[in-house]
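Examining the three-dimensional arrangement
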Amino acid sequence: MLRLDGEAVYAASDLNDFLACPHKLALGALALERQIAAPAPDPALEIIARKGALHEAEALRRFEADGRVVARVDEGDGSVRATRAAAERTVALMRSGADVIYQATLIDGRWLGRADFLVRTEEPSDLGAWSYDVADAKLAVRERASFVVQLCVYADLVRSVQGTLPTAITALYGDGREAEYDPTRFIAYVRAARARLEGVVATLDAATIPDRIGACAACVWDDTCDAARRGVDHLSLVAGMRRSQIVRLRERDVDTVVELAAAPEDRRPPRIGETTFAKLRRQAGLQLRQRATGVPTYELLEPKPEAGFALLPEPAEGDVYFDMEGDPLYEPGVGLEYLFGAYVDGASPRYERFWGETRDQEKKAFEDFIDWLVRHDEQYPRAHVYHYAPYEKTALRKLAMRHGTREEEVDALLRGQVLVDLYAVVGGAVAQSQESYSIKKLEPLYGFTRSTDVRKGDDSIVAFERYLLDRDGAVRNDIIAYNKEDCVSTFGLHGWLQRLRAEAEQQFGVEIPYRASVDPEAPSEKDLKELAERTALQTALLADAPEGDPKRLLAHLLGYHRREAKPVQWAVFERAERIGSFDFVNEDTEALGGIELRADIPPMRDPDDGPRVRRMIYTYTFPRQQHKLGKSPVDARTTKSAGEIVTLDDDTLTLRLKRSESSPHPQVLGPGWPIKTNEQQAA
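The shown structure was predicted, so the numbers you read here are calculated from the model rather than taken from an experiment.

**Some points on the sheet that holds strand 17 (residues 615–621)**
- Across the sheet, which stays open at both edges, the four strands sit in the order 16-17-20-19 with antiparallel pairing between neighbours. Lying at the two open borders of the sheet, with one neighbouring strand each, are strand 16 (596–597) and strand 19 (644–649).
- Pairing between strand 16 and strand 17: two bridges, direction antiparallel. Its bridge partner being in strand 17, Glu596 is matched across the sheet by Thr621.

**A word on helix 3 (residues 43–65)**
- With 23 residues, helix 3 extends 33 Å between its outermost C-alpha atoms, agreeing within 8% with the 33 Å of an ideal straight helix rising 1.5 Å per residue.
- Buried within helix 3 we find Ile47, Lys51, His55, Glu56, Ala59, Leu60 and Phe63.
- Gly67 sits one or two residues past helix 3 and shows a positive phi near 85 degrees.

**Some points on the pairing of strand 5 (residues 111–121)**
- Of all eleven residues in strand 5, nine are buried; the element is thus mostly enclosed.
- Bridge analysis of strand 4 (residues 100–108) against strand 5 gives eight bridges, and the strand direction is antiparallel. Bridging from a neighbouring strand, Ile107 pairs with Leu112 of strand 5.
- Taking the residues between adjacent antiparallel strands as the criterion, strand 4 and strand 5 are bridged by two residues, where Gly109 takes a positive phi near 65 degrees.
- Bridging between strand 5 and strand 6 (residues 131–138) involves five bridges; their strand directions are antiparallel. Bridging from a neighbouring strand, Leu118 pairs with Val134 of strand 6.

**Quick look at the confidence of the model for the chain**
- The predicted model of the chain averages 91 in pLDDT, with 98% of residues at 70 or higher.
- Mean pLDDT values over the elements of the chain span from 73, in strand 1 (residues 2–4), up to 98, in strand 13 (residues 385–387).

**Considering the packing of helix 5 (residues 145–162) against helix 6 (residues 187–200)**
- As a packed pair, helix 5 and helix 6 sit with axes 10 Å apart at the nearest point and diverge in direction by 90 degrees. Judged by the inter-axis angle, helix 5 sits roughly perpendicular to helix 6. Residues Val149, Cys152, Val153, Asp156 and Arg159 of helix 5 pack against Ile187, Tyr189, Val190, Arg191 and Arg194 of helix 6.
- Residue composition of the contact of helix 5 with helix 6, by class: six nonpolar, no polar and four charged.

**Section: the sheet that holds strand 4**
- Pairing in this open sheet of six strands is mixed, and the strands run 3-4-5-6-7-8 from one edge to the other. Only two strands of the sheet have a single partner each, and these edge strands are strand 3 (70–72) and strand 8 (178–181). Within the sheet, the average angular offset between the axes of one strand and its neighbour, ignoring direction, is 40 degrees.
- One ladder, built from five bridges, connects strand 6 with strand 7 (residues 169–173); its direction is parallel. By the bridge assignment, Ala137 is partnered in strand 7 with Leu172.

**A closer look at helix 15 (residues 439–446)**
- Within helix 15, the full set of buried residues consists of Ile439, Leu442, Glu443, Leu445 and Tyr446. The arc that holds every buried residue of helix 15, seen down its axis, measures 160 degrees, which confines them to one face.
- For helix 15, the elements touching its buried residues are strand 9 (298–300), helix 14 (422–429), strand 15 (430–432) and helix 17 (473–508).
- Note on helix 15: the residue one or two positions beyond its end, Gly447, has a positive phi of about 75 degrees.

**Some details on the pattern of salt bridges**
- According to the stated counting rule, one finds 55 salt bridges in the structure shown.
- For Asp222, the salt bridge is made with Arg212, and the minimal N-O distance between the two is 2.8 Å. Linking Asp222 in helix 7 (residues 222–231) with Arg212 in the loop between helix 6 and helix 7, this pair joins segments that are ten residues apart in sequence.
- Overall, the relative accessible area of 17% leaves Asp222 in the buried class.
- For Arg212, a relative accessible area of 34% gives the class partly exposed.

**A word on the packing of aromatic side chains**
- Counting across every chain of the model gives 23 aromatic pairs.
- For the pair Phe340 and Phe366, a centre-to-centre distance of 6.4 Å together with 40 degrees between the ring planes defines the contact as tilted. With Phe340 in strand 11 (residues 336–344) and Phe366 in helix 11 (residues 359–379), this residue pair connects regions lying 26 residues apart in the sequence. In terms of burial, Phe340 and Phe366 fall into one category: buried.

**Some thoughts on a negative patch on the surface**
- On the surface, Asp66, Glu178, Glu180 and Asp182 cluster together into a patch of negative charge.
- Following the sequence through the fold, Asp66 ends up in the loop between helix 3 and strand 3.
- For Asp66, a relative accessible area of 62% puts it in the exposed group.

**With respect to the nonpolar core**
- Among the nonpolar cores identified, the biggest contains 44 residues, and Leu15, Met94, Ile101, Leu118 and Tyr132 are the most heavily contacted of them.
- Among the elements that line this core, the one with the most residues is helix 5, at eleven residues.
- Leu301, Val425, Val426 and Ile480 belong to the second largest nonpolar core, which has 42 residues in total.

What counts and how
Residues numbered from 1 in each chain as written. Predicted model: local features only at pLDDT ≥ 70, side-chain atom pairs only at ≥ 80, totals over all residues. Heavy atoms only, no water. Pairing = 2+ DSSP bridges. Helix = DSSP H or I, 4+ residues; strand = E, 2+ residues; numbered from the N terminus. Expected span 1.5 Å × (residues − 1). Buried < 20%, exposed > 50% of the residue type's maximum accessible area, 1.4 Å probe, protein only. pLDDT = per-residue confidence, 0-100. Axes fitted to C-alpha atoms, helices over the stretch in contact; angles between N-to-C directions. Parallel < 35°, antiparallel > 145°, perpendicular 65-115°, else oblique. Contact = heavy atoms within 4.5 Å. Nonpolar A, V, L, I, M, F, W, Y, C, P; charged D, E, K, R; others polar. Arc of directions from axis to C-beta. Salt bridge = Lys/Arg side-chain N within 4 Å of Asp/Glu carboxyl O. Phe/Tyr/Trp six-rings, centres within 6.5 Å; stacked < 30°, edge-to-face > 60°. Patch = residues over 30% accessible without salt bridge, like charges linked within 9 Å, V, L, I, M, F, W, Y side chains within 5 Å. Areas by Shrake-Rupley, 256 points an atom, 1.4 Å probe, with all protein chains shown as cover. Lys, Arg positive; Asp, Glu negative; His and termini not counted. Charge placed at Lys NZ, Arg CZ, Asp CG, Glu CD. Core = buried A, V, L, I, M, F, W, Y, C linked by side-chain atoms within 4.5 Å.

What follows is the structure in structure tokens.
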């Protein structure tokens, strides 16, 4: 948003801000009028802008390499005069029939656009026998609705000059892909959105308190809005609170943390379960207690099978505490996992780290870490690898697939449940008084103090990006020291949880068993032989194939079916690990959770089954939820077939399942195992 000749003028980014969060537009308007100070630039956004400029320059180079004559529009100093001059220059170039116009500036009434490229096409318009399409460089590699909105705004501004809408709008993505869209499919929506913005912008009130949404994390006004929410004791301050729950609580006149902590049962919204309501009230009460005393506190939760402390294996010599550092800005949509850190306590504590700052080095660091872990496992076969939150496990699987290496080793770690997520343990074992359950918020409870200059994950990303520019060894050392502290903190958290486990046994008068060891099924000789053959073929293809050689693509295609099957397999095992500590009803859009047997409906035999078939049709009920079940689901607890779905009615919330009489009744059903592709893989 800016001012031209005393009038506020809107850009495509303003429209996207309005669609995502009208409050951001209201704050921007106040900053434009100098009624409030604009926030300081976000270092992460500055990095994205710098990378975006490099990507845009590469797109420009490609146009010129294709033999297109590119006319450039100088944006000048951004003043009103320079902006007007740039718009006049753009129109003049369009009328002259320029081949490609770079940094085109377009103004129509109260709307301004700066399109990266206007590309001449031989379609007649008011300009003559030609007209212009729009292309814009996008650093991302995945499509977003906001990109199409922005391109449509530019398309409408081009129409105001040439009299016809461009035939195509194109996003030039960061991975080199060009996605072309038909503006006529979207322009009516975008015009309606523009009209809505113009109709309400004068009434937007920056004094309102916005709910926290997903876009907040990347917004320059995040701290401003967070302070406003704190000023009114907003419900989003409660750890674990979801936006949908805030809406439902407000319907029962529960608007603040204080009101939630004191809310009686009759204020519980119908669409929030008793257990969830009790959990949210307890969390609000703990946070209020810390506000009053300034001292973090905790409460132990009643032990349950397969949840909380029951997810902890018995401590063993050689236990590893693992943390990774990744940079999502390195290549947006792909990122770079640049540091693998592992701490092992004992008589001689040691910290191992594996560093890689390019894509090839990432592969080498990943391989070295997995190889180290395999050797460590041979020396300490009872040891486990502890981490906090799912990032590490997800990243290891992703890297094995991305680079086509150490796949069996990573699978063995997963099948043997060697990786232990302490975040899942905390969630089912203890409630604490901080506003977040991030490990850094828990550290005061177990007395861990940090000393490095890098204080949080976002800071490490910015530090790494600066290191890539400056190659300052001190910055690199600080990042490594930060990673080591994360690993040591995970060790401290594990020790604290062990102490709380003993405390819980005494408080609740129960014995909490350690999680049983898993003896993973080894891959068959046939699977190992096929893997060896595929690896040999890939190695041969890649040996003399430079970047861009079709043989590299062929090498990666050899593992296509295996890679496609892996996420489905992993999802089955993940559900088994989460039984007892995860809300499948609200947080898993593929599984069917909360299943209960209808005891009032006796099981029946399928009349089409023969007398030897020992399967019965049982009737179950379940809460309303999203799911993607097929005809042959798996029991999430056992990872084995749950039988065959006879009927599944999402209106009556009724499931009829044909299954063995001797099998336990399922609580959670997940989609089945991957479709077998043995013949396709062999071919």
